[in-house]
Amino acid sequence: MAAPMSIRFLVKLNQELSWSHVKRILLYQKCNVRLFGTRHKRGEYNKYTSNFPNFHPDERRVCFTPEEQLMKVTLEPNQPHNAKTLRVAIIGDPNVGKSTLINRLLQHKILPVSRKANTTRKNTLLILTQDECQITFVDTPGILAPEAKARHRVPSTVAVDPEKAASEVDLLGVVVDAKDKFRRNTLSKTVTKILHLHRNTPSILILNKMDGVMNKRGLLNTIASLTNKQLESQPIPILTNRKTHHLTKEKQQQKYIDSVIEKYKASKEGAANEGQGHIESEGTNDVRRTEHEGEGTEELSSDEEWQSFVKKLENCPESAINTTGWSNFQEVFIVSALKDDNVDDLRDYILSCAKPGDWEYHSSIITSESPYKLAENIVWEKMMDYVEFPVYDLHPKINNWEWDQNFDQLDISMEIKCPNKFIQAEVVKKVPTIVETARAELRNLFKYNVNLNLRVNVKK
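To start, this report covers the structure provided alongside it. These numbers come from a predicted model, not from an experiment.

**With respect to the overall build of the protein chain**
For the protein chain, the count of helices and strands is 16 helices and twelve strands. Buried residues in the protein chain amount to 52% of all 460 residues. Restricting the contact set of the protein chain to residue pairs at least 6 apart, pairs at least 24 apart contribute 75%. Per element, the accessible surface of the protein chain, about 22400 Å² overall, is 47% carbon and sulfur.

Below is the structure:
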């Protein structure tokens, strides 16, 4: 069988690419992560790369060019002798703060975030390397029901990507917007069905946006509803002799909630299943992975993938999803990704779940995305924030990417093509604000001075 196009492309770029390198790169495709640069020609890589700063393999930063990114991907992992690894997919409904949370976990602003829903349009691979542990995160688009996908005209790949990511990871993090009073007490049916499809994969519940919850007296009800009053299939010992609304101070409420969860954890000690840990045994994981081996070796069209996904959802038994939550969550975390509250505890837990295994990437790699795409995403993120109407179809494209040695800065020029003059005028009004805020983020991303030019034209 012929290799995927991206692999053939890599082999042409580097004839000395070993098979071990190819196998590591194939992992990008397992989670439906498109390898950077596959739509560019090699001539485009070399167009502006001759005068860039020297490549430093051990420097953990975002690369300037796709060629430098390719060099980092093909580096041998510099793992210690006691290396550990874990793959984590972050899933959830649209606009619950998944990308913001991963940015906080990485301690790097990589993923685009905005106030509008569906900012993330495809799976994105990100790597956290700390001490002997390497955690691979997959950021996914918001999960939509099949009828919502048709109503909002969302591409099939956007709807299918979360389930693809869930099939290839060791841990699932389900994010819920705790500030949303209408949706925080019930997992969507599609989220529950995906959890059921991958019920052998350990999962955790993450209540996000706690900074927007003024009174936490209903939080225990939310936890009980989303977990079906169970953690690891064991009842949560909800206390009935004390009411949360008697705890007037927010700190008192938080301490009470923590005490309930801590009491549950203490009740597990000495149980018959002691020593099984948070993650399933390696043998169970091997069985689960074997079930998926061979899948995806032939690339399906987006429509075929969508039909297959819908069929999987329809085959889920009603008894498994006829609840408000999921009974097999391993842990519950209450965080505020925006304020960076309690994210450290979540990161420590994920690191503690890592199992002995070989690293897949060099420690200097943060993301698989092309620097071109990262820059375009930042501009698009600012358009989402500052332009009033939705701009899902107005994607900025890079015209020029050049290193200016005289001013020691990166010069970037982008163009936005609008369908008509009315939309062009609306976008032009916000261009100064978009450029100013995007330039600041680009400087922070690349750790160098960046000059950004943005043009808005009408499609011919």
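Read on for the rest.
**A few points about the packing of helix 5 (residues 98–106) against helix 14 (residues 343–352)**
In the contact formed by helix 5 and helix 14, the axes pass within 10 Å of each other and the chain directions differ by 75 degrees. Considering their axes alone, helix 5 and helix 14 lie roughly perpendicular with respect to each other. From helix 5, Leu101, Arg104 and Leu105 reach across to helix 14, where they touch Val343, Leu346, Arg347 and Ile350. Broken down by class, the residue content of the contact of helix 5 with helix 14 amounts to five nonpolar, no polar and two charged.

**Describing unusual backbone geometry**
One non-glycine residue, Asn228, lies in the positive phi region at around 55 degrees. Mapped onto the elements of the fold, Asn228 is located in the loop between helix 9 (219–226) and strand 6 (230–231). Positive phi, normally seen in glycine, also occurs at Lys447, with a value near 60 degrees. One can find Lys447 in the loop between helix 16 (421–446) and strand 12 (450–458).

**Quick notes on the sheet that holds strand 11 (residues 409–418)**
Strands pair in a sheet through their backbones, by hydrogen bonds, and they do so in one of two ways: parallel or antiparallel. Pairing is mixed across the open sheet formed by three strands, whose spatial order is 10-11-12. Lying at the two open borders of the sheet, with one neighbouring strand each, are strand 10 (397–404) and strand 12. In this sheet, neighbouring strand axes are inclined to one another by 15 degrees on average, regardless of whether the strands run parallel or antiparallel. Relative to strand 11, strand 10 runs antiparallel, the two being bridged by seven bridges. By the bridge assignment, Asn400 is partnered in strand 11 with Ser413. The strands touched by helix 15 (residues 371–386) within the sheet are strand 10, strand 11 and strand 12, with strand 10 carrying the most contacts at an inclination of about 120 degrees. Sitting on the sheet, helix 16 is in contact with strand 10, strand 11 and strand 12, with an inclination near 160 degrees to strand 12.

**Some points on the packing of aromatic side chains**
Inspection of the entire model under this criterion finds five aromatic pairs. Relative to Tyr448, the ring of Trp403 lies with its centre 5.3 Å away and its plane at 90 degrees, an arrangement referred to as edge-to-face. One end of the pair, Trp403, is in strand 10; the other, Tyr448, is in the loop between helix 16 and strand 12, and 45 residues separate them in sequence. Judged by its relative accessible area of 7%, Trp403 falls in the buried class. Through pairs of rings, three or more aromatic residues link up here, namely Tyr372, Trp401 and Phe446.

**Details of the environment of Arg184**
On the secondary structure map, Arg184 appears in the loop between strand 4 (171–177) and helix 8 (189–197). Through-space distance from the C-alpha of Arg184 to that of Ile223 is 9.2 Å; in sequence the pair is 39 residues apart. Apart from residues no more than four positions distant in its own chain, Arg184 is found in contact with Val176, Asp177, Ala178, Val213, Thr222 and Leu226. Here the side chain of Arg184 touches Ala178 through a polar contact of 2.9 Å, landing on its backbone oxygen.

**Notes on helix 16**
The largest bend along helix 16 measures about 50 degrees and falls at Lys430, with the proline Pro432 one to four residues further on. Turning to helix 16, its buried residues are Ile423, Val427, Val431, Ile434, Val435, Ala438, Glu441, Leu442, Leu445 and Phe446. Between the side-chain oxygen at the start of helix 16 and the backbone nitrogen of Phe422 there is a gap of 3.2 Å, and the oxygen is on Asn420. Positive backbone phi, at 60 degrees, marks Lys447, one or two positions downstream of helix 16.

Quick notes on the rules
Residues numbered from 1 in each chain as written. Predicted model: local features only at pLDDT ≥ 70, side-chain atom pairs only at ≥ 80, totals over all residues. Heavy atoms only, no water. Helix = DSSP H or I, 4+ residues; strand = E, 2+ residues; numbered from the N terminus. Buried < 20%, exposed > 50% of the residue type's maximum accessible area, 1.4 Å probe, protein only. Contact = heavy atoms within 4.5 Å. Areas by Shrake-Rupley, 256 points an atom, 1.4 Å probe, with all protein chains shown as cover. Axes fitted to C-alpha atoms, helices over the stretch in contact; angles between N-to-C directions. Parallel < 35°, antiparallel > 145°, perpendicular 65-115°, else oblique. Nonpolar A, V, L, I, M, F, W, Y, C, P; charged D, E, K, R; others polar. Pairing = 2+ DSSP bridges. Phe/Tyr/Trp six-rings, centres within 6.5 Å; stacked < 30°, edge-to-face > 60°. Polar contact = N/O pair within 3.5 Å; in protein donor to acceptor, adjacent residues only side chain to side chain. Bend = angle between axes of the 7 residues up to and from the residue.

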